[in-house]
Amino acid sequence: MHAHGDLHEQIQKVTEEISSTPDSSYLYFKRAKLYFHHEDYQEALKDLDIATRLGQEGVLVDLVYAKSYQKLEDYGKAMVFVKKIHASNPSNVNAIKIKAELLFSQKK
């Protein structure tokens, strides 16, 4: 329980930083990761969308997208991001693991 409280405080701190710098893709991505660890996957996705619109991109962004969709059991959207990672880095262990979990969840 303490960990979630600490995450809540961190989310509040980053939210204050975003108020001061609303065009920072990094801050939205940072808060998206905090929301993910706080198990608030919808909020994580909202911040990921804003971060990407502001120019944040890369494997880590795609991994958080994939894991968030996986937690929400939207396996199709999760797989889109896994495939995107695989296209640029076929040996990415995290993407391979998520793909295996997605396929297992779908009994494939």
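The present account deals with the structure reproduced in this document.

The helix and strand tally for the protein chain stands at six helices and zero strands. Listed by position from the N terminus, the elements making up the protein chain come as α-α-α-α-α-α. The C-alpha atoms of the protein chain give 14 Å as radius of gyration, which agrees with the globular expectation for 108 residues (13 Å, within 12%). Here the C-alpha coordinates of the protein chain stretch approximately 45 × 35 × 20 Å along the principal axes.

Phe 29, Leu 48, Tyr 65, Tyr 69, Val 82, Ile 98 and Leu 102 are the most contacted members of the largest nonpolar core, which totals 31 residues. Contributions of two or more residues to this core are made by α1 (2-20), α2 (25-37), α3 (41-53), α4 (59-71), α5 (75-88) and α6 (93-105). Element by element, the count of residues in this core is highest for α2, at seven residues. If near-sequence neighbours (up to four positions away) are discounted, Tyr 69 is found in contact with Leu 45, Asp 74, Lys 77, Ala 78 and Phe 81.

We now examine the packing of aromatic side chains. For the structure shown, the criterion picks out four aromatic pairs. Here the aromatic rings of Tyr 69 and Phe 81 are separated by 6.1 Å at their centres, their planes lie at 15°, and the arrangement is stacked. Of this pair, Tyr 69 sits in helix α4 while Phe 81 sits in helix α5, and the two are twelve residues apart along the sequence. A relative accessible area of 16% means that Phe 81 is categorised as buried. An aromatic cluster is defined as three or more aromatic residues linked by ring pairs; in this entry it consists of Tyr 65, Tyr 69 and Phe 81.

This paragraph deals with the packing of α4 against α5. Two elements in contact, α4 and α5, have axes separated by 7 Å at closest approach and are oriented at 160°. The angle between α4 and α5 places the two elements in the roughly antiparallel class. When the axes of α4 and α5 are compared, the crossing they make is left-handed. Residues Val 59, Asp 62, Leu 63, Tyr 65, Ala 66, Tyr 69 and Gln 70 of α4 pack against Tyr 75, Lys 77, Ala 78, Phe 81, Val 82, Lys 84 and Ile 85 of α5. Its residues assigned to classes, the contact of α4 with α5 comprises ten nonpolar, one polar and three charged.

Direction vectors running N to C along α4 and α6 enclose 20°, while the axes themselves pass 11 Å from each other. As summarised for this structure, α4 and α6 are arranged roughly parallel, according to the angle between their axes. Considering the relative orientation of α4 and α6, their crossing is left-handed. Counting all contacts with α4, which are made through Leu 63, Ala 66, Lys 67 and Gln 70, the residues of α6 involved are Asn 94, Ala 95, Ile 98, Glu 101 and Leu 102. For the contact of α4 with α6, a count of residues per class yields five nonpolar, two polar and two charged.

What counts, and where the lines are drawn
- All chains use their own residue numbering, which begins from 1 and follows the written sequence.
- This being a predicted model, a pLDDT of at least 70 is required before a residue's local features are given, and a value of 80 or more before pairs of side-chain atoms are given or counted; all residues contribute to the totals for chains, interfaces and linings.
- Processing note: side-chain calculations cover all non-hydrogen atoms of the structure and skip hydrogens and water entirely.
- Strands are runs of DSSP state E lasting at least two residues, helices are runs of H or I lasting at least four, and both sets are numbered from the N terminus onward.
- As a reference, a globule follows 2.2 Å times the number of residues to the power 0.38, and the radius of gyration itself is taken over C-alpha atoms.
- Buried residues of nine kinds, namely Ala, Val, Leu, Ile, Met, Phe, Trp, Tyr and Cys, make up a nonpolar core once their side-chain atoms join them within 4.5 Å.
- Each residue gets one of three labels from its accessible area relative to the maximum for its type: buried under 20%, exposed over 50%, partly exposed in between, using a 1.4 Å probe on protein chains only.
- In what follows, residue pairs with any heavy atoms lying within 4.5 Å of each other are defined as contacts.
- By convention, a stacked pair of Phe, Tyr or Trp rings (six-membered ring in the case of Trp) has centres within 6.5 Å and planes under 30 degrees apart, an edge-to-face pair has planes over 60 apart, and any other such pair is tilted.
- To define axes, lines are fitted to C-alpha atoms, for helices over the stretch in contact only, and angles between the resulting N-to-C directions are given on a 0 to 180 degree scale.
- Note that the term roughly parallel is reserved for angles under 35 degrees, roughly antiparallel for angles over 145, roughly perpendicular for angles of 65 to 115, and oblique for everything else.
- Rotating anticlockwise by less than a right angle from the far helix to the near helix defines a left-handed crossing, while the corresponding clockwise rotation defines a right-handed one.
- Amino acid classes used here: Ala, Val, Leu, Ile, Met, Phe, Trp, Tyr, Cys and Pro are nonpolar; Asp, Glu, Lys and Arg are charged; the rest, including Gly, are polar.

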